[in-house]
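# Analysis of the macromolecular model
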Amino acid sequence: MKKKQFRTESKKLLDMMINSIYTHKEIFLRELISNASDAIDKRYFRSLTDPDSGLNRDEYEIFISADEEKRILKISDNGCGMTADELENNLGTIAKSGSLDFKSENAAENVDIIGQFGVGFYSAFMVAEKVTVVSKVYGAEKAFKWESEGVDGYTLEECDKEAVGTEITLYIKPDTEEEDYCEFLEPYSIQRLVKKYSDYIHYPIRMDFETTKPVEGGKEGETEKVTERRTLNSITPLWKKPAAEVTEEEYNNFYTSKFMDYEPPVKVMHYKQEGAVEYTALLYIPSHAPFDYYSKSYEKGLQLYSSGVMIMDRCAEVLPDYFSFVKGLIDSSDISLNISRETLQQDHQLRTIAKAVEKKIKSELLKLLETDREKYETFYKAFGSQLKFGVYSDYGTHKELLQDLIMFTSSNEMKYTTLKEYVSRMPEAQKSIYYACGDSAEKALKLPQAQAVIAKGYEVLLLTEDVDEFTLQTMMNYEEKKFVNVSTDELDLATEEETKKLKEENESGKELLDFIKESVGGLNSVKFSNTLGGHPAALSSEGGMSIEMARVLSKMPDAGEGLKASLVLEINSEHAVTSKIKELFSQDKDKCAKYCKLLYAQARLLSGLEIENAEELSGLITELMV
Ligand code: ADP
């Protein structure tokens, strides 16, 4: 029979499986059982609308048999089965190929991919040299057999099979010095693996055990060999067990095997809600963002169960966008089995559940923040941006909900701080919450105006992400304290007396200031300042648009021309450079203009802005040097 070829990426994955040095080869069993269970789910679900196609609920099972001599392991299910086309499409290619990027095939990466994504069906090739899949769907006359010995390809042919479902036969590899594959044929070790990884599967996983027992009515000590059929898993879905009876390991195993993550979550929430709408939730907060989390391809959602039967794999409606990182499931007998994507949004029960879930996630995150700072920061590093987006989006509708969950690096020890913590440390005289923006916290900290605020004994929040300032601007204030960007005309550090003095200086120096504005160009105004510490000059902005916001907005694809900050060049009235400029202004206007340009260039650099005319600047500096 002619062999068919695997698609390229499947072939690579398969090759990796076959040559795998992955130490947890045993997970192949979990993957195959999980596929079998999904297939039964599908058949059960279809039978709700087409009763003839299904079985009685208690007839569904996954059956394992092992022949240690022939080295054959079989896993069969009476699920939905696959047609010839499905066998070809589902097993000839890998569903998750899109998420796998096979850049290199070195061993370390090999291990990672298996751990990270779970590789489903192909993991069988970690332990088997040949795999046969015989499958039949409801209503079909014939069954089909798919067979492969690895990368060379596979064959597909018609065959006989009586019952609807799938039977997978693994021809287990010979034992080697490093690896005892025979472990996967030994009934008790199979039982152990099922318990470990698949205990929660809500269909029975059965296997026959050969034992000896006393002959009934026989002589003393007389025994006979009997075959005993045992159910290996406890069937009760994990989330249906009382939380007190579930170990952390069980929660984590369930999570890593079901939600395609290789690291344990930072937080598990398992609870039963009583009341108007009753449901059980098992929710997880991952410890790191999935590789596609901040891209369009990421889909949020929880699994939806109706009394133990999965009715939807990813229900987006129960999770708000700002908590889209949460994984897990909701099981409720109040959700109709026949709920469809179209009726989801109108569904009253579901909306009630969504509201309660949102509240729960928030309170659990707050609790984590209070009780385990380190874990919360791990979480925040991964998903903090999403929370900040949440504050900013929908015109700030959710700011109250999220404001105590967000954090920023603070000049106070350069650590994360919540707004509540910041406010609690504010000296009495401090009226506003100050922040500075930069590419990094260190850069923001070095802004002359930030230094001036710190010199006053106040803390400065150091904003480094594009979304940050928009988040704070959306909130406007926190506990009635206004957010103030230190690089804007809103900075209000000066005392009344200082303000008065500065005003006079600005008035008397008007001619010079106008001259500077004229010479530099592109500025909204130029003024003397007393909040620049040791720096000669700095940039700030007037009006609502800060320098940072304009920079972020101008990067947007549909940025228009109007997105400019009104720039103000602030000149330190007490700096020696200012005396020099004043002197030149009366003696050599030409040179004075050049100095002003230099000063402006310096200020731009400090603010993290580009130099508009590098050639001119280079000329000016050279002139200074020679
Ligand atoms: P995944 O299960 O993550 O989609 P797999 O490689 O494990 O990826 O399986 C690919 C597909 O093959 C499944 O999505 C399913 O449609 C089909 N499949 C696998 N095992 C079975 C089975 N026992 N019965 C029916 N279909 C199956």
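Calculation notes
- Residues numbered from 1 in each chain as written.
- Predicted model: local features only at pLDDT ≥ 70, side-chain atom pairs only at ≥ 80, totals over all residues.
- Heavy atoms only, no water.
- Helix = DSSP H or I, 4+ residues; strand = E, 2+ residues; numbered from the N terminus.
- Buried < 20%, exposed > 50% of the residue type's maximum accessible area, 1.4 Å probe, protein only.
- Contact = heavy atoms within 4.5 Å.
- Areas by Shrake-Rupley, 256 points an atom, 1.4 Å probe, with all protein chains shown as cover.
- Pairing = 2+ DSSP bridges.
- Axes fitted to C-alpha atoms, helices over the stretch in contact; angles between N-to-C directions.
- Domains from an automatic or database assignment.
- Buried area = accessible area lost by both parts, 1.4 Å probe.
- Salt bridge = Lys/Arg side-chain N within 4 Å of Asp/Glu carboxyl O.
- Polar contact = N/O pair within 3.5 Å; in protein donor to acceptor, adjacent residues only side chain to side chain.
- Nonpolar A, V, L, I, M, F, W, Y, C, P; charged D, E, K, R; others polar.

### Quick notes on the overall build of the protein
Looking only at helices and strands, the protein features 20 helices and 22 strands. The principal-axis extents of the C-alpha atoms in the protein amount to approximately 120 × 60 × 50 Å. Taken over 626 residues, the protein has a buried fraction of 50%. Nonlocal contacts in the protein, meaning residues at least 24 apart in sequence, comprise 69% of its contacts between residues at least 6 apart. For the protein, the exposed area adds up to about 31,300 Å²; of that, 48% sits on carbon and sulfur atoms.

### A look at the sheet that holds strand β9 (residues 267-273)
Spatially, the 5 strands line up as an open sheet ordered β9-β10-β13-β11-β12, and their pairing is mixed. Among the strands making up the open sheet, the edge pair consists of β9 and β12 (309-315). Put simply, the sheet's adjacent strands are angled 15° from each other on average, direction ignored. Across 4 bridges, strand β11 (residues 302-306) lies against β12 in antiparallel orientation.

### Description of the domain arrangement of the protein
What the domain assignment lists for the protein is domain 1 (8-231), domain 2 (238-375), domain 3 (406-485) and domain 4 (496-625). Regarding the contact of domain 1 and domain 2, the summed buried area is about 1,500 Å², with carbon and sulfur atoms giving 62% of it. The tally of links between domain 1 and domain 2 comes to 1 salt bridge. At the boundary of domain 1 and domain 2, one finds 1 residue pair in polar contact (both at pLDDT 80 or more). Of all elements in the fold, only α2 (27-47), α4 (107-117) and α5 (187-198) reach the threshold of two or more residues within the side of domain 1 that touches domain 2. Counting residues per element, the side of domain 1 that touches domain 2 draws most heavily on α2, at 4 residues. In the side of domain 1 that touches domain 2, the residues fall into 6 nonpolar, 4 polar and 6 charged.

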